[in-house]
Amino acid sequence: MDNHPHDAGAVSAEEQAKRQEFYDRIDAQSMAPLWERLKGLVPPEPRPSPRAHVWHFDQVRPYMMEAGALLTAEEAERRVLVLENPAMPGKSRATATLYAGIQLVLPGEVAPAHRHTASALRFVLESGGGFTAVAGEKTTMRTGDFVITPSWAWHDHGNTSSDPIIWMDILDLPVVNFFEGGFSEHHNDAAQSIGRPEDDSLNRYGNALLPIEAESPFGKSSPIFNYPFERTRASLVAVAAAGDLDPHWAATLKYSNPMDGGWAMPTIASWMTHLPAGMATQGIRSTDGIIVAVAEGRGVATIGDQKIPFGPRDIFVIPNWTQRSFQAESDCFLFCSSDRVAQEKLGLYREERATA
Ligand code: 1HN
């Protein structure tokens, strides 16, 4: 509450010293004066901790391969380089509320099975055909696929192809750890046993059909855990071809949970935006901090007063309550994730469109 209408006036040095002496005494009793803290506790508008930042894939990839030569996926448990927002060093966060990293699984490797209450998503950056197994079912991870590991689901990754697989991980760890409610455990076997055909859940839940007595196998998370890029891309191309381009959102479709029509995950919102070549969007800002991975295309993102040129597989951060707009040099497909779904559930989400 910075915009205080009442000016309390100046305080003499003597009064100030007296107050300070009081603050020091109550500090010893684990108490503090709210009037000294109020401004920081209730800012008039969001004050983002993260800053806009880009990791260019061409620069990141050699470090991934170097990590690949240093240790095996099994040794590392997960061979990941954390994408840490430069304004929040040591926090393992890309935005205020989301963890992000880049993971490498080399041919023949296994990232051993474990589970945790944190939810994870993968966005595949480069793949000749590695896979993940989730709760007894395998799915091949192809470039551009959006893959979910629901809370408390056993998961291991493998790569039986002859090429490395590289993907971006996003987890809700900062949220789970804020509540200090997290659990995790290791599986007895490196790779869990597979009990169903590949892509069984996509076939049952992913064609605008549901089992006649559908019960959500993953609780609040979508029963689909691979949303193939091929399908998402085709839908977006059709939406753009129909002329449905929002000035701020271009063509944007959210990944949804077919059980309830809401977001695919309970804590992380994900969507894909398509800008046909030449399109420039108008500014918009929203209270969610966003991580963007470029599935296809080249362009420039304007984030606050920063211009960030991007190309395929680059990853960048849009801080909360910071104006964003995009300019597409070629047809762009942008994968985006944020804490929007959590903010919506808590009644906190707001957005504001710039007037042209
Ligand atoms: C995790 O389980 C994975 O399963 C990736 O691939 C990154 C970062 C922190 C905690 C758990 C994975 C992770 C992670």
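Residues numbered from 1 in each chain as written. Predicted model: local features only at pLDDT ≥ 70, side-chain atom pairs only at ≥ 80, totals over all residues. Heavy atoms only, no water.

The subject of this paragraph is the overall build of the protein. For the protein, the helix and strand inventory stands at eight helices and 22 strands. For the protein, whose C-alpha radius of gyration is 23 Å, the value lies close to the compact-globule estimate of 21 Å for 356 residues. The principal-axis extent of the C-alpha atoms belonging to the protein is close to 75 × 50 × 50 Å. In the protein, which comprises 356 residues, the share counted as buried stands at 48%. (Helix = DSSP H or I, 4+ residues; strand = E, 2+ residues; numbered from the N terminus. Rg over C-alpha atoms; globule rule 2.2 N^0.38 Å. Buried < 20%, exposed > 50% of the residue type's maximum accessible area, 1.4 Å probe, protein only.)

Further remarks concern the site of the ligand. Close to the ligand lie R78, Y99, Q103, H114, H116, R122, H155, H157, D169, L171 and L173. Here an oxygen atom of the ligand sits 2.6 Å away from a polar atom, N or O, in the side chain of H114. One nitrogen or oxygen atom from the side chain of H155 is found 2.9 Å from an oxygen atom belonging to the ligand. Contact with the protein chains removes 85% of the 330 Å² of surface that the ligand exposes when unbound. Those elements giving two or more residues to the shell around the ligand turn out to be strand 3 (99–105), strand 4 (110–116), strand 9 (155–158) and strand 10 (165–171). A per-class count over the shell around the ligand returns three nonpolar, five polar and three charged. (Near = heavy atom within 4 Å. Polar contact = N/O pair within 3.5 Å; in protein donor to acceptor, adjacent residues only side chain to side chain. Areas by Shrake-Rupley, 256 points an atom, 1.4 Å probe, with all protein chains shown as cover. Nonpolar A, V, L, I, M, F, W, Y, C, P; charged D, E, K, R; others polar.)

Membership of the largest hydrophobic core comes to 43 residues, with the highest contact counts inside it found for F146, M168, M272, I315 and F335. Aside from chain neighbours lying at most four places away, what touches M272 is F123, F229, T232, L236, A251, T252, L253, Y255, A295, F333, L334 and F335. Judged by nonpolar contacts, the second largest core, of 25 residues, contains V54, F310, I318 and A328. (Core = buried A, V, L, I, M, F, W, Y, C linked by side-chain atoms within 4.5 Å. Contact = heavy atoms within 4.5 Å.)

The buried count for strand 5 (residues 120–126) comes to seven of seven residues, which makes it a mostly enclosed element. Strand direction decides the pairing type here: strand 5 and strand 8 (residues 146–149), joined by four bridges, are antiparallel. The residue bridging F123 from the neighbouring strand is F146, located in strand 8. Two strands pair when backbone bridges link them, and strand 5 and strand 10 are joined in this way by six bridges, in the antiparallel orientation. When the bridges of strand 10 are listed, E126 appears paired with I166. (Pairing = 2+ DSSP bridges.)

Below, the discussion takes up helix 7 (residues 229–241). A rise of 1.5 Å per residue sets the reference length of helix 7, with its 13 residues, at 18 Å; its end C-alpha atoms lie 18 Å apart and thus fit the reference within 8%. Among all positions of helix 7, only F229, T232, L236 and A240 are buried. In a view along the axis of helix 7, the buried residues occupy a sector of 70°, so they form one face of it. The outward face of helix 7, more than 90 degrees from its buried face, is lined by the exposed residues E230 and A241. Of the surrounding elements, those touching the buried residues of helix 7 are strand 12 (226–227), strand 13 (251–254), strand 14 (269–275), strand 16 (290–296) and strand 21 (332–338). (Expected span 1.5 Å × (residues − 1). Arc of directions from axis to C-beta.)

Moving on to the environment of G101. Mapped onto the elements, G101 comes out in strand 3. For G101, a relative accessible area of 0% gives the class buried. Each C-alpha atom, one on G101 and one on E84, is 8.1 Å from the other, the two residues being 17 residues apart in sequence. If we skip the residues at most four places from it in the chain, G101 touches V80, L81, V82, L83, W167, M168 and D169.

Right, let's talk about the packing of aromatic side chains for a bit. Counted according to the given criterion, the structure contains 15 aromatic pairs. Seen from their ring centres, F178 and F179 are 5.3 Å apart, and the 75° between their planes marks the pair as edge-to-face. For the pair F178 and F179, one class covers both residues: exposed. A ring pair is formed by W249 and W271, whose centres lie 5.9 Å apart and whose planes are at 75°; its orientation type is edge-to-face. With W249 in the loop between helix 7 and strand 13 and W271 in strand 14, this residue pair connects regions lying 22 residues apart in the sequence. (Phe/Tyr/Trp six-rings, centres within 6.5 Å; stacked < 30°, edge-to-face > 60°.)

Before going further, it helps to spend a moment on the sheet that holds strand 19 (residues 315–318). Hydrogen bonds between backbone groups are what pair the strands of a sheet, and the pairing can be parallel or antiparallel. The sheet built from six strands is open, its strands ordered 1-19-16-21-14-13 with antiparallel pairing. Strands with a single pairing partner mark the edges of an open sheet, and in this sheet they are strand 1 (53–55) and strand 13. In this sheet, neighbouring strand axes are inclined to one another by 25° on average, regardless of whether the strands run parallel or antiparallel. Contacts from helix 7 reach strand 13, strand 14, strand 16 and strand 21 within the one sheet, and its direction differs from that of strand 13 by about 140°. (Axes fitted to C-alpha atoms, helices over the stretch in contact; angles between N-to-C directions.)

This brings us to the pattern of salt bridges. For the structure on display, the rule yields 15 salt bridges. For R79, the salt bridge identified is with E109, shortest N-O distance 2.6 Å. One end of the pair, R79, is in the loop between helix 4 (73–76) and strand 2 (80–82); the other, E109, is in the loop between strand 3 and strand 4, and 30 residues separate them in sequence. The exposure classification of R79 matches that of E109, with both residues buried. (Salt bridge = Lys/Arg side-chain N within 4 Å of Asp/Glu carboxyl O.)

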